[in-house]
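Chain by chain, the residues run as shown.
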Amino acid sequence: MSKFATQAIHAGYDPEDHDHAAVPPVYASAAFDLGDAARGDALAAGDIDGFEYSRVANPTVDALERRLAALEGGIGAVAVGSGMAAVTYALMCVGEGGGRIIAPYDLYGASVDALGDFLPQFGIHADFVNDINDLDEVASKIGPDTRAIFAETVANPSTEVLDIEPLADLAHEHGIAVIVDNTVPTPYLLRPIEHGADVVVHSTTKGITGHGNAIGGAVISGGSFDWANGRFPQFTARQQVISDDRAGEWHSFAEKFGKAAFIKRIRIKYLRTFGAVQSPFNAYLSLVGLETLPQRVSQQVASATRIAEHLTRTPHVVKVNYSGLGNTPQFELVRKYFPNGIGQILSFLVDGSADNVRHIIDGAKLFSYVPNIGDARSLIVDPAHITHREVPMEARIAAGVTDNLIRLSIGLEDPDDLIADLDQAIAGAY
């Protein structure tokens, strides 16, 4: 198998299939000619591979899906319109019909809101834990309706690292799936499927695309989980959409697709029905971004580590959250899962009040005040008022998101310039 940097440029795309275009073309077509009646019937039935309508599949998006599946070590991927579409599709697909999902409070704000407030309106409920790495606490939440455990591999904004392997062992003992959000580290720094995760979701908007210019998301399936184990009736119920009633042939997703049942259901039921489609142009931008993913992330990790170390010695900074520093309680986990670093985001607490935080943000000149991460430019934000505003206070506090917390996403600028900008902004705020 080719190494990561090679796959980031070549995986999932064969120029011979696209008139020898060296770079994947943008297929700006809503639909595709079916050829003849027999081929059209076979395409609609899923008996042959091909493209008919871009709400379900598009050649540019397909290249991105194949590349992401290769980079994550999965059997298939579905690209969608945003990272939150990926999160909600994955959680709804696993929780259909009254399932429960175990998750930590330490998640991106919109994910907490989805699990705690919105998905319950659809009969899918969350059981939150304070520490997802506390197996006893997690085990205490497992019940007959539990379908999955959901967590971030590197939490945003605390940078707490998920101990995937023992969590996956616990989940699989009970027939429960493990779904992880791998947005922060990207597959360059961590491939969760290799450690037991069953489904990986991404906001491709972030490090994968890397330039803050294209919203997108992706769901990737590992292909080893048994979706017919009895906990997931939606996968064993026979479905019209994948059957042929004229011929008297009836199938369930598990019967027809086996270990690929989850990713097929994401495409055939969720993407096709709810329609959060990734545009071909955004997929093209993500493919271009992927080509430089290893180089970008390597530099960002080096700069983030240096800046985090500097902040530990900076006046008015009372705590730095960056698990990659090497002196945190998660040192052994970082060494095990993240030999090349944990990513480009970090957060820090300052003394004083929320007014001081506002002055720091307003005083920063090089850092852009932007609610995004993984960009080529460096970003600063106050999570309690922006990215986690919709999270209830109890959950915010449990995740360490207070009014005095500032999150940084380190870009590709010279780290000396970034440090100088932070120093002057912090000093000027007091």
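Reading the values: rules and limits
- Residues numbered from 1 in each chain as written.
- Predicted model: local features only at pLDDT ≥ 70, side-chain atom pairs only at ≥ 80, totals over all residues.
- Heavy atoms only, no water.
- Domains from an automatic or database assignment.
- Contact = heavy atoms within 4.5 Å.
- Buried area = accessible area lost by both parts, 1.4 Å probe.
- Salt bridge = Lys/Arg side-chain N within 4 Å of Asp/Glu carboxyl O.
- Polar contact = N/O pair within 3.5 Å; in protein donor to acceptor, adjacent residues only side chain to side chain.
- Helix = DSSP H or I, 4+ residues; strand = E, 2+ residues; numbered from the N terminus.
- UniProt positions renumbered as here; feature names shortened; annotations may be inferred.
- Patch = residues over 30% accessible without salt bridge, like charges linked within 9 Å, V, L, I, M, F, W, Y side chains within 5 Å.
- Areas by Shrake-Rupley, 256 points an atom, 1.4 Å probe, with all protein chains shown as cover.
- Lys, Arg positive; Asp, Glu negative; His and termini not counted.
- Charge placed at Lys NZ, Arg CZ, Asp CG, Glu CD.
- Buried < 20%, exposed > 50% of the residue type's maximum accessible area, 1.4 Å probe, protein only.
- Pairing = 2+ DSSP bridges.
- Axes fitted to C-alpha atoms, helices over the stretch in contact; angles between N-to-C directions.

Draft legend 1. Region of the structure containing the domain arrangement of the protein chain. Under the domain assignment, the protein chain is made up of domain 1 (4-281) and domain 2 (293-429). Computed over C-alpha atoms, the centres of domain 1 and domain 2 are 29 Å apart. At the junction of the two partners, domain 1 supplies 43 residues and domain 2 supplies 41 residues. Surface buried jointly by domain 1 and domain 2 totals about 3300 Å² across both partners, of which 63% is contributed by carbon and sulfur atoms. It is Pro157, Tyr188 and Leu189 that lose the most area in domain 1 upon contact with domain 2, and together they represent 20% of the buried surface on that side. Seen at the junction of domain 1 and domain 2, the total is one salt bridge. As a salt-bridge pair, Glu165 and Lys336 come within 3.0 Å of each other at their nearest N and O atoms. Counting every contact that joins domain 1 to domain 2 gives 14 residue pairs in polar contact (both at pLDDT 80 or more). Counting residues per element, the ones that place at least two in the side of domain 1 that touches domain 2 are helix 1 (4-10), helix 5 (109-118), helix 7 (164-173) and helix 8 (186-189). Take the side of domain 1 that touches domain 2: its biggest share by element is four residues, from helix 5.

Draft legend 2. Quick look at the UniProt feature "modified residue: N6-(pyridoxal phosphate)lysine" (unreviewed entry) in the protein chain. When the UniProt feature table is mapped onto this chain, "modified residue: N6-(pyridoxal phosphate)lysine" (unreviewed entry) is found at Lys206. Among the secondary structure elements, Lys206 is positioned in the loop between strand 6 (199-203) and strand 7 (217-221). Setting aside its immediate chain neighbours within four residues, Lys206 contacts Thr183, Asn372, Ile373 and Gly374.

Draft legend 3. Molecular detail of a negative patch on the surface. Where like charges cluster on the molecular surface, the negative patch consists of Asp41, Asp47, Asp244, Asp245 and Glu249. Structurally, Asp245 can be placed in the loop between strand 8 (238-244) and strand 9 (249-252). For Asp245, a relative accessible area of 39% gives the class partly exposed.

Draft legend 4. View of the sheet that holds strand 2 (residues 100-104). In space, the seven strands of this open sheet follow the order 1-7-6-5-4-2-3, with mixed pairing throughout. At either end of the open sheet lies a strand with only one pairing partner, and these are strand 1 (76-80) and strand 3 (125-129). Strand-to-strand, the axes of this sheet are offset by a mean angle of 20°, without reference to chain direction. Seen against the sheet, helix 3 (residues 59-72) touches strand 1, strand 6 and strand 7 and runs at an angle of roughly 130° to strand 1. Docked against the sheet, helix 11 (residues 261-274) engages strand 1, strand 6 and strand 7, running at close to 25° with respect to strand 1.

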